[in-house]
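Residue strings, one per chain:
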Amino acid sequence: MIRFAFLMLTLALSAWLVFSMPAGAEELDATAAAENGLTLKENVTVSDDVVRLGDLFEQPISLGDSPVAQAPLPGQTIVLDNRFLRSLIRAYSLDWAPASKYQRVLVARAAQKIDPEQVMSQVKDALRDTLGTDKEVAIAFDVGDINLVLPTSVEPTLAVQDVRFDPNSQRFAVQLVVPASGPALINRTVAGSVHETVQLPVLARSVAPGEVIQLPDLDWMAVRIDRIAANAVTDPKQLVGMTARRPLRSGQMLRMSDVAMAPSIHRGSMITLMVQTENMTLTAQGRALEDAAIGQPIRVVNTMSNKTLTGVVKDATTVVIPIAGAIALN
């Protein structure tokens, strides 16, 4: 009977303590622990391959060098959740408590990258050595990843090894080894296709039909040899002073059929009509009925006889009429 009375008294006292505690006291105790003890970091960046206890708190801590988790891969992030943090409290008797059940730490791994452009350049050099050529080549990767992400503790150097090339399929495979010397952290096979290229003149800006192309309008573009059209423009001299036959985009491969000579004579211009033989030269005044460049045929009208003739443009003011049309000059 005495034991039962004592048990009831204990339960009543416990209930009184619970219900008399101010609302939010549990959260206040956790906050006080954070203020008076350790302060947890919200975001952490590590450079090692492990996360250490001291990485997680603002203040120096006993046993701070102790590894507590595997670090993420370079350039990646992991989350240390509330359950993990509470396990650290128990394991290391920390003077800290989570402010809420949602508190966590984001841990990122510091990283450095080798520029993909550098990777492409070194692979091109290795392929040129294998092909025995100094010509430019275009490569396209379709096997493997050339994005090389490294820890900050590794020297960011690259070696291209074990170069293999099949001339029938124009395909290659190489080994990317990082760092270039010493124990390899990355040893990756990449593969793709390779083709020789040549530089072709292209437009640096869009050109409208009839617009005259000048030297400053031109740029250069590397084009695979197997993709060059039979009538492709290969020399800037084939473009300068020419006019566009149709709208032309910047950077597109140009064909001779895309351009025409700029007209020396324009429709409606007053010109000199000329017939030449070994013994004489006849001239008359005429008017151009269409645009034409030097060396091109043009229709004109004799302004005296009002007869229509066809001749060839000699220069910006003269059209040569064939002997057969000489009678029409009168």
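Everything discussed here concerns the structure shown above.
What this report covers is the structure whose coordinates are included nearby. (Residues numbered from 1 in each chain as written. Predicted model: local features only at pLDDT ≥ 70, side-chain atom pairs only at ≥ 80, totals over all residues. Heavy atoms only, no water.)

1. Re the overall build of the chain
Turning to step 1, where the next piece is worked out: What the chain contains, in helices and strands, is four helices and 19 strands.
Turning to step 2, where the next piece is worked out: In the chain, buried positions account for 34% of the 330 residues.
Turning to step 3, where the next piece is worked out: Sequence separation of 24 or more characterises 51% of the internal contacts of the chain that already satisfy a separation of 6 or more. (Helix = DSSP H or I, 4+ residues; strand = E, 2+ residues; numbered from the N terminus. Buried < 20%, exposed > 50% of the residue type's maximum accessible area, 1.4 Å probe, protein only. Contact = heavy atoms within 4.5 Å.)

2. A few points about the pattern of salt bridges
Side-chain pairing between opposite charges can occur once the charged atoms of the two side chains come close.
Turning to step 1, where the next piece is worked out: Tallying each qualifying case throughout the model produces 10 salt bridges.
Turning to step 2, where the next piece is worked out: Where E196 meets K135, a salt bridge forms, and the shortest distance between an N and an O atom there is 3.8 Å. Residue E196 is located in strand 11 (residues 186-203), and its partner K135 is located in the loop between helix 4 (116-131) and strand 7 (137-143); the two are separated by 61 residues in the primary sequence.
Turning to step 3, where the next piece is worked out: The exposure class assigned to E196 is partly exposed, which follows from its relative accessible area of 27%.
Turning to step 4, where the next piece is worked out: Sharing partners across several salt bridges, the network here consists of D125, R128 and E136. (Salt bridge = Lys/Arg side-chain N within 4 Å of Asp/Glu carboxyl O.)

3. What to know about the packing of aromatic side chains
Turning to step 1, where the next piece is worked out: Tallying each qualifying case throughout the model produces two aromatic pairs.
Turning to step 2, where the next piece is worked out: Seen in terms of ring centroids, F57 and W96 are 5.9 Å apart; in terms of plane orientation they differ by 75°. Their pairing is edge-to-face. Taken together, the residues span a long stretch of sequence, with F57 in the loop between strand 2 (50-52) and strand 3 (67-70) and W96 in the loop between helix 3 (82-92) and strand 5 (105-109) at a distance of 39 residues.
Turning to step 3, where the next piece is worked out: Judged by its relative accessible area of 2%, F57 falls in the buried class.
Turning to step 4, where the next piece is worked out: According to the relative accessible area criterion, W96 is buried, its value standing at 5%. (Phe/Tyr/Trp six-rings, centres within 6.5 Å; stacked < 30°, edge-to-face > 60°.)

4. Digging into the nonpolar core
Turning to step 1, where the next piece is worked out: Formed by 20 residues in total, the largest nonpolar core has its most connected members in L56, F57 and V105.
Turning to step 2, where the next piece is worked out: In terms of residue count, helix 3 provides more of this core than any other element does, three residues in total.
Turning to step 3, where the next piece is worked out: Dropping the residues within four chain positions of it, F57 is found in contact with L38, T39, L40, K41, L94 and W96.
Turning to step 4, where the next piece is worked out: Residues V123, V160, L176 and V190 belong to the second largest nonpolar core, which totals 19 residues. (Core = buried A, V, L, I, M, F, W, Y, C linked by side-chain atoms within 4.5 Å.)

5. Topic: unusual backbone geometry
Turning to step 1, where the next piece is worked out: The omega torsion of the bond from V178 to P179 falls at -5°, within 30 degrees of zero and hence cis.
Turning to step 2, where the next piece is worked out: Here P179 is to be found in the loop between strand 10 (171-178) and strand 11.
Turning to step 3, where the next piece is worked out: We note that S93 has phi near 50°; this positive angle belongs to a residue other than glycine.
Turning to step 4, where the next piece is worked out: Along the chain, S93 falls in the loop between helix 3 and strand 5.
Turning to step 5, where the next piece is worked out: The backbone of D162 shows a phi angle near 50°, a positive value even though the residue is not glycine.

6. Observations concerning the environment of Q252
Turning to step 1, where the next piece is worked out: Secondary-structure assignment places Q252 in the loop between strand 13 (242-244) and strand 14 (259-261).
Turning to step 2, where the next piece is worked out: In this view, Q252 contacts V202, M221 and D258; residues no more than four positions away in its chain are not counted.
Turning to step 3, where the next piece is worked out: At 2.6 Å, the side chain of Q252 forms a polar contact with the backbone nitrogen of R249. (Polar contact = N/O pair within 3.5 Å; in protein donor to acceptor, adjacent residues only side chain to side chain.)

7. Quick word on the side chain of Q175
Turning to step 1, where the next piece is worked out: Following the sequence through the fold, Q175 ends up in strand 10.
Turning to step 2, where the next piece is worked out: Take Q175: its relative accessible area is 14%, and that puts it in the buried class.
Turning to step 3, where the next piece is worked out: Within the structure, the side chain of Q175 is placed 2.6 Å from the side chain of N187, a separation counted as a polar contact.
Turning to step 4, where the next piece is worked out: Once residues lying within four places of it in the same chain are set aside, the contact partners of Q175 are A159, V160, Q161, D162, R164, N187, R188 and T189.

8. Here we look at the side chain of D217
Turning to step 1, where the next piece is worked out: Mapped onto the elements of the fold, D217 is located in the loop between strand 11 and strand 12 (218-224).
Turning to step 2, where the next piece is worked out: D217 gets classed as buried once you look at its relative accessible area, which sits at 10%.

9. Let's talk about the sheet that holds strand 19 (residues 318-320)
Turning to step 1, where the next piece is worked out: As summarised here, the arrangement of the five strands in space is 15-16-17-18-19, forming a closed barrel in which the pairing is mixed. Ignoring strand direction, the axes of neighbouring strands in this sheet form an average angle of 55°.
Turning to step 2, where the next piece is worked out: Across two bridges, the pairing between strand 18 (residues 308-313) and strand 19 is antiparallel. If you follow V313 over to strand 19, its bridge partner there is V319. (Pairing = 2+ DSSP bridges. Axes fitted to C-alpha atoms, helices over the stretch in contact; angles between N-to-C directions.)

10. Considering helix 4
Turning to step 1, where the next piece is worked out: Between its first and last C-alpha atoms helix 4 spans 22 Å; for 16 residues at 1.5 Å apiece the expected length is 22 Å, and the two agree.
Turning to step 2, where the next piece is worked out: Among the residues making up helix 4, those that are buried are V119, V123, A126, L127 and R128.
Turning to step 3, where the next piece is worked out: As for helix 4, its buried residues are in contact with strand 6 (112-114), strand 7, strand 8 (148-150), strand 9 (159-166), strand 10 and strand 11.
Turning to step 4, where the next piece is worked out: Just past helix 4, the residue G132 takes up positive phi, approximately 65°. (Expected span 1.5 Å × (residues − 1).)

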